[in-house]
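For reference, the chains in residue letters:
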2 protein chains.
Amino acid sequence: MAIVPVENRRAEVVRVAARLFCERGFDGTTTRDIAEAVGMRSGSPFYHFKSKQEILAAVMEEGLVAGLPAAETIAASVLPPRAKFRALVRAHLEIVLGEGHDFIPVLLYDWRRLTPELRARVQVLRDRYDQLWQDVVNELSAAGLLKSDSAVARLLLMGAVNYTVLWYKPGQGSDLEQIAEEAVAMFVGPEA
Amino acid sequence: MAIVPVENRRAEVVRVAARLFCERGFDGTTTRDIAEAVGMRSGSPFYHFKSKQEILAAVMEEGLVAGLPAAETIAASVLPPRAKFRALVRAHLEIVLGEGHDFIPVLLYDWRRLTPELRARVQVLRDRYDQLWQDVVNELSAAGLLKSDSAVARLLLMGAVNYTVLWYKPGQGSDLEQIAEEAVAMFVGPEA
DNA sequence: CCTACCGATCGGTAGG
DNA sequence: CCTACCGATCGGTAGG
């Protein structure tokens, strides 16, 4: 038995909540489920969070904070537009579909369960992520590698990629690498 | 006051439930909300449906039954592949985003809330819809107008189109016609 | 389809 | 973070 610092209990709640929210949805998970899975009593999550929705927001924010650095590095790299886009898609698929990556799926599934206030708070981080995509898509566009207006293009592209969360089954059919390749091939066309 | 046949009360429950589920989500809507909006007492929806989830399944099935004929007509038409795909996308956007079309968004939002039994039941209709898309996508592929394997291609394409339900705002930005055009332009490339 | 009601669940809190 | 508990809600049912 390792000695676990008290500060980690909060993070543990967030991590367990992410898993349960991802599996059963926000409304399909009770704060009691979370408490039990973490080894607490039913009321104890509320020592760490003001409300169930605050836990949800924390899950989403942790997912975004964890995913942003990789995406930022890719966006700031000197890769040519098509390769950069491919790397971004690949990194995003990992965040959405990778083993133990339950945070962003929760954001995609249960965004609407956030109160307006919490939604606005999480949106700040989300905007940064969306902007990175927009930048990379704009580079594609500027290089003549993408038809369609870039604002709607970004939404359609992110839709295609995010929607994988609803159909992808690990170890069945294409793997993440293949899906990334197919998506890029279909959207961007063959080479520059 | 028109005289309303008793049989229409059930349909009324489904229609009202579709609107409320679409606005607030399945878990965010109580059977009491539905009853009140339809002008019944709180227990009366259960005269028409065995459970709340049966109402949800009915909403989804009505959406699919309403949408299938148009999609079938398009798939069976003699349009060239690109035009056929464009027509399918356009029809689908109408079903997903059109005014008063709350049924398919509910399917997209709350598919996971169905019990396994009900999910299997609704899946039968959903499979028919997916197959139509697959046929049209395969035609595109056969005509050399689409890169990427067609099974994954269909999922990515439907993802892009279905995801519009999360960002489209009527009367703000592109309209359905424009979105359809941009989607086709981006995915299929310029002309055959 | 209404009346009347239940049984259980659930988010959240006071007080330590 | 636990104990003990509340207040409200909610899906669903019996019986007519």
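As the structure is a computational prediction, the values presented were derived from the model and not from experiment.

Moving on, we get to the relation of the copies chain A and chain B. The transformation that overlays chain A on chain B combines an axial shift of 0.0 Å with a rotation of 180°, and the residual RMSD is 0.0 Å. Classification of the inter-copy transformation places it as that of a two-fold axis. For chain A, the residue whose C-alpha comes nearest the rotation axis is Ala160 of chain A, separated from it by 2.0 Å. A share of 100% of the interface residues of chain A reappears at the interface of chain B, consistent with the copies meeting face to face through the same patch.

A separate point is empty space enclosed by the protein. Residue and element names in this part refer to chain B. Considering all chains together, one arrives at one cavity of 30 Å³ or more under this definition. There is about 110 Å³ of room inside the largest cavity. Along the wall of the largest cavity there are 14 residues; nearest its centre are Leu64, His92, Ile104, Leu107 and Tyr129. Every element with two or more residues in the lining of the largest cavity is listed here: α4 (52-76), α5 (81-97), α6 (103-110), α7 (116-142) and α8 (150-162). Taken together, the residues of the lining of the largest cavity break down into eight nonpolar, four polar and two charged.

Taken together, 16 residues form the shell around DNA strand D, and within it Arg9, Ser44, Tyr47 and His48 of chain A together with Lys52 of chain B come nearest. A share of 59% is what sugar and phosphate atoms reach among the atoms of DNA strand D within 4 Å of the protein. Side-chain polar atom of Ser44 of chain A to a phosphate oxygen of DNA strand D: 2.3 Å apart, as the coordinates give it. Arg32 of chain B places a side-chain nitrogen or oxygen 2.7 Å from a base nitrogen of DNA strand D. Secondary-structure elements contributing two or more residues to the surface near DNA strand D are α3 (45-48) of chain A together with α2 (31-38) of chain B. Partitioned by chemical class, the residues of the surface near DNA strand D number three nonpolar, eight polar and five charged.

With that out of the way, let us pick up the nonpolar core. Judged by nonpolar contacts, the single largest core of 140 residues is most densely connected at Phe85 of chain A together with Phe85 of chain B. In contact with Phe85 of chain B, not counting residues within four places along its chain, are Trp133, Val136, Val137, Leu140, Leu157, Val184 and Val188 of chain B.

The next point concerns the protein's contact with DNA strand C. Surveying the vicinity of DNA strand C reveals 16 residues, the closest of which are Lys52 of chain A together with Arg9, Ser44, Tyr47 and His48 of chain B. Among all atoms of DNA strand C positioned within 4 Å of the protein, those belonging to sugar or phosphate total 58%. A distance of 2.7 Å is found between a base nitrogen of DNA strand C and a side-chain nitrogen or oxygen belonging to Arg32 of chain A. At a separation of 2.7 Å, a phosphate oxygen of DNA strand C approaches a polar backbone atom of Lys52 of chain A. When residues of the surface near DNA strand C are traced back to their parent elements, those giving at least two are α2 (31-38) of chain A together with α3 (45-48) of chain B.

On to the UniProt feature "DNA-binding region" (unreviewed entry) in chain A, then. The residues that UniProt annotates with the feature "DNA-binding region" (unreviewed entry) are residues 30-49 of chain A. Measuring from the first to the last C-alpha atom of residues 30-49 of chain A gives 14 Å, for a span that is 60% helix and 0% strand.

Residue and element names in this part refer to chain B. Counting through the fold element by element, Glu94 comes out in helix α5. When its relative accessible area of 30% is taken as the criterion, Glu94 is described as partly exposed. Taking the C-alpha atoms as reference, Glu94 lies 26 Å from Ala120; in sequence the two are 26 residues apart. Residue contacts for Glu94: discarding those within four places in its chain leaves His101 and Leu176.

This part covers the confidence of the model for chain A. Averaged over chain A, the pLDDT score is 93; the fraction of residues at 70 or greater is 94%. At the low end of the mean pLDDT range in chain A sits helix α10 (residues 176-188) of chain A, at 93; at the high end sits helix α6 (residues 103-110) of chain A, at 98.

On to the side chain of Arg86 of chain A, then. Residues and elements named next belong to chain A. Its location among the elements puts Arg86 in helix α5 (residues 81-97). Side chain to side chain, Arg86 and Glu177 meet in a polar contact 3.3 Å long. Contacts of Arg86, omitting those with residues within four sequence positions, involve Glu177, Glu181 and Val184.

Evaluated as defined, the whole model comprises five aromatic pairs over all chains. Ring geometry for Phe85 of chain B versus Trp133 of chain B: centroids 6.1 Å apart, planes at 85°, classification edge-to-face. Highlighted residues: Phe85 of chain B in helix α5 and Trp133 of chain B in helix α7, separated in sequence by 48 residues. The side chain of Arg126 of chain A reaches across the aromatic face of Trp111 of chain A, ending 4.5 Å from its centre. Taking NZ or CZ as reference, Lys52 of chain B lies 4.3 Å from the ring centre of Phe26 of chain B, over its face.

This paragraph deals with the packing of α4 of chain B against α7 of chain B. Residues and elements named next belong to chain B. The geometry of α4 relative to α7 is characterised by a closest axis approach of 9 Å and an angle of 20° between their N-to-C directions. Taken together, the axes of α4 and α7 lie roughly parallel to each other. Once α4 is placed against α7, the crossing between them reads as left-handed. Residues Gln53, Glu54, Ala57, Met60, Glu61, Leu64, Val65, Gly67, Leu68, Ala71, Glu72 and Ala75 of α4 lie in contact with α7, whose contacting residues are Leu118, Arg121, Val122, Leu125, Arg126, Arg128, Tyr129, Leu132, Val136 and Glu139. Along the lines of polarity and charge, the residues of the contact of α4 with α7 split into 13 nonpolar, two polar and seven charged.

Conventions adopted
- Residues numbered from 1 in each chain as written.
- Chains lettered and ligands numbered in written order.
- Predicted model: local features only at pLDDT ≥ 70, side-chain atom pairs only at ≥ 80, totals over all residues.
- Heavy atoms only, no water.
- Least-squares fit on C-alpha atoms with pLDDT ≥ 70 in both.
- Contact = heavy atoms within 4.5 Å.
- 1 Å grid on protein atoms, 1.4 Å probe; cavity = no way out; pocket = protein on both sides within 12 Å on 5 of 7 lines; lining within 4 Å.
- Points joined across faces, edges and corners; volume = space filled by probe spheres on them.
- Helix = DSSP H or I, 4+ residues; strand = E, 2+ residues; numbered from the N terminus.
- Nonpolar A, V, L, I, M, F, W, Y, C, P; charged D, E, K, R; others polar.
- Near = heavy atom within 4 Å.
- Polar contact = N/O pair within 3.5 Å; in protein donor to acceptor, adjacent residues only side chain to side chain.
- Core = buried A, V, L, I, M, F, W, Y, C linked by side-chain atoms within 4.5 Å.
- Buried < 20%, exposed > 50% of the residue type's maximum accessible area, 1.4 Å probe, protein only.
- UniProt positions renumbered as here; feature names shortened; annotations may be inferred.
- pLDDT = per-residue confidence, 0-100.
- Phe/Tyr/Trp six-rings, centres within 6.5 Å; stacked < 30°, edge-to-face > 60°.
- Lys NZ or Arg CZ within 6 Å of the ring centre and 35° of its normal.
- Axes fitted to C-alpha atoms, helices over the stretch in contact; angles between N-to-C directions.
- Parallel < 35°, antiparallel > 145°, perpendicular 65-115°, else oblique.
- Left-handed = near helix turned anticlockwise from the far one by under 90°.

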